[in-house]
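Summary of structural features
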Amino acid sequence: MASTTKKTWKLQEFMGHSAEVKCLALGHKSGRVMVTGGEDRKVNLWSVSKPNCIMSLSGHTTAVESVRFGHDEELVVAGSFSGALKLWDLEEVKILRTLTGHKAGIKSLDFHPYGNYVASGSMDCTVKLWDVRRKGCIYTYKNHTNCVNCLRFTPDGQWIASASDDNTIKIWDLTAGKLLKELNLHKGPVNIVEFHPSDLLLASGSSDRTVRFWDLETFQNISTSDTDKQPIRSIAFHPDGACLYSSGGDSLKVYGWEPLVCHDVVPVTWAEVTDMAIANSQLIGASFNKCNISTHVVDLKKVAPTGAASKSEGLRTALNSSSGRRNFITDRPPTSSTREASEPKRSNTPPEKNDTGVDDENSVSRAEIQNQDDYRKLFQGHAKKNANAQRAEPFQPPPDDEIPEPVKVQKPSGPSERKEGRKEVSPRPRNPAPSKQVKDSIQAEDFLPKVQKASEMSESESISNLLQGHTTMTTVLQQRSRNLQVVRAMWTSGNTKTAIDSAISMKDKAVMVDLLNIINSRASLWNLDMCNLLLPQLKDIMGSKYESHVITAATSVKVVLRNFGTVIKSNMEEPPSAFVDISREERHKKCLACFTVLSSIKSMIHASSSSVSPKLSSLYREVMLLMSTIE
């Protein structure tokens, strides 16, 4: 009986990739499918309620940094660290396009409401609009000064909003091809923006830990939430527009905006929620941490205002009637002439040389179905339609409070099983296209690298090819330089701990390694609090694929063991319960936490010591000798 009164519960937790998960997105139409991308360069598709991978898409040559479902959940687009996009058709199990042109990693994606266009935002500070039919970039917007974190088209497809680390939101008019308005009241990076489903209203969430609501008729900030505990990384409007859900830290807050009111605060044991979807009076929140993915469910029938039966209808009526705002016109243009009129303006200048649909990556893109039954139900033709009723059933809370243990993804054990799996799949094709369209359909050559002999290249082409990698590296280094300047500003102000906290929150291992190299040279900076703060980061960096990063982390571990090994060992015993010594109890907790992480690092060294370079092997031996001080 207790489970029927639950407002929230963890649905599942499982290992999603063989390396760190970098991005995640839910299917917002059904709320029942999920796509993830990782450092293993793969894009994996899942049913929200099951830990088994349905389909794995490969072909990227660098980590997958962003993913997004199409509005009908039949397409998926993925952007990589190298700046390439890949567009996949899930029903026909094939790649449609590879689009290249960004000079740095892609951090945000969105589909146009009519499906023929995709927008991408990058660490190179640009927003690109792609025509997926003509396989190219049709416009580039270059007004941001930092990474573009989020993109959203308006419901009518006329504007696009871009949120950036430069603390601004920019509204672009796609028809005119220009910046319409800049919204710049946030005091920190803007992480997420969402348009109201019908009204001319925009909501934004920022690292300044506030949610702001913007009137899109006057472009004025109409209300701002109180400061939350954590940065706001995910927001979602209720489908009928009655309220906005915001996740900041370990809670879900429900806001109204005119006037600002917090209808409800729901404690949820999720971490940084990456995406939220609403279906069948339930909110599904998905997050990731290292290789693991977790999903939570919030029963909106038990959350105000939609869950309070006595108040719900009155609140919705009041909210919807008080704004007096115009609505987005979301009817799709019915004729070719009006459709052409509504298409985004194309640039009068020729596209950049590399803004094309040519697949210039080295690996072959392929889709492998891992779970055929779930694939047929979720993505394939008639079976998908027949499964709608089953998918529409709300998730049920577990009978007790047990948290699901993370499970590993089951993958085929060898090439023969994968080959056999592909043979059994017979995706149902869509309506056959006329012969004229078949002639113009995608050819295999579209997905093969276009190789040009060096002798056939002109001098300018050769220089351009040489500069491609240089420009990407320059952009990455500029971003790293900006991060280091932020850390340096805090460091020089005298607050070392704040500087380290800032570096950790950036989640940039290169910045953390640069900081560690400085700390390692100044032993006086280390104390027990610093050890407790940095050891989990050292463990993470020691799993890096770059030897220089591992050497720096191992050197830091050596410094910790040499200076604090005996302190950690001597404070491992719990203080006597008969005496109250708060400082000793705190010291015991810190030392116990340090010992736990150091034991994990010891296991990592044991597991990898046989396959490292002589230099690293020598450093590992020194670390293992010092480990005896804590045993």
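Here we summarise the structure given alongside this text.

Broken down by element type, the protein chain carries 14 helices and 29 strands. Out of the 631 residues belonging to the protein chain, those deemed buried represent 49%. Across the protein chain, contacts joining residues at least 24 apart in sequence account for 57% of those joining residues at least 6 apart.

Tallied over the entire structure, the rule returns 6 aromatic pairs. Arranged with centres 4.6 Å apart and planes meeting at 45 degrees, the rings of Phe14 and Trp46 form a pair that is tilted. Remark: Trp46 occurs in strand β4 (residues 42-47) and Phe14 occurs in strand β1 (residues 8-15); sequence separation between them is 32 residues. With respect to burial, Phe14 and Trp46 carry one shared label: buried.

Turning our eyes to something else, we now look at helix α14 (residues 614-626). An ideal rise of 1.5 Å per residue puts 18 Å on 13 residues; α14 measures up with 19 Å between its terminal C-alpha atoms. In this structure, the buried side of α14 is in contact with α12 (547-570) and α13 (582-608).

Attention shifts here to the side chain of Ser287. By secondary structure assignment, the location of Ser287 is in strand β27 (residues 282-289). Classification of Ser287 by relative accessible area gives buried; the value is 4%. Residues within four places of Ser287 in sequence aside, it is in contact with Leu24, Glu272, Val273, Thr274, Asn292, Ile293 and Ser294.

Turning our attention to the pairing of strand β24 (residues 251-257). In terms of burial, β24 is largely enclosed, as 7 of its 7 residues are buried. One ladder, built from 4 bridges, connects strand β23 (residues 244-247) with β24; its direction is antiparallel. Within β24, the residue paired with Leu244 across the bridge is Tyr255. Taken together, β23 and the strand that follows it, β24, pair antiparallel across an intervening segment of 3 residues, in which Gly249 is found at a positive phi of about 75 degrees. Summarising the sheet, β24 and strand β25 (residues 260-267) pair through 7 bridges and their orientation is antiparallel. What sits directly across from Trp257, in β25, is Leu260.

Cut-off values and rules
- Residues numbered from 1 in each chain as written.
- Predicted model: local features only at pLDDT ≥ 70, side-chain atom pairs only at ≥ 80, totals over all residues.
- Heavy atoms only, no water.
- Helix = DSSP H or I, 4+ residues; strand = E, 2+ residues; numbered from the N terminus.
- Buried < 20%, exposed > 50% of the residue type's maximum accessible area, 1.4 Å probe, protein only.
- Contact = heavy atoms within 4.5 Å.
- Phe/Tyr/Trp six-rings, centres within 6.5 Å; stacked < 30°, edge-to-face > 60°.
- Expected span 1.5 Å × (residues − 1).
- Pairing = 2+ DSSP bridges.

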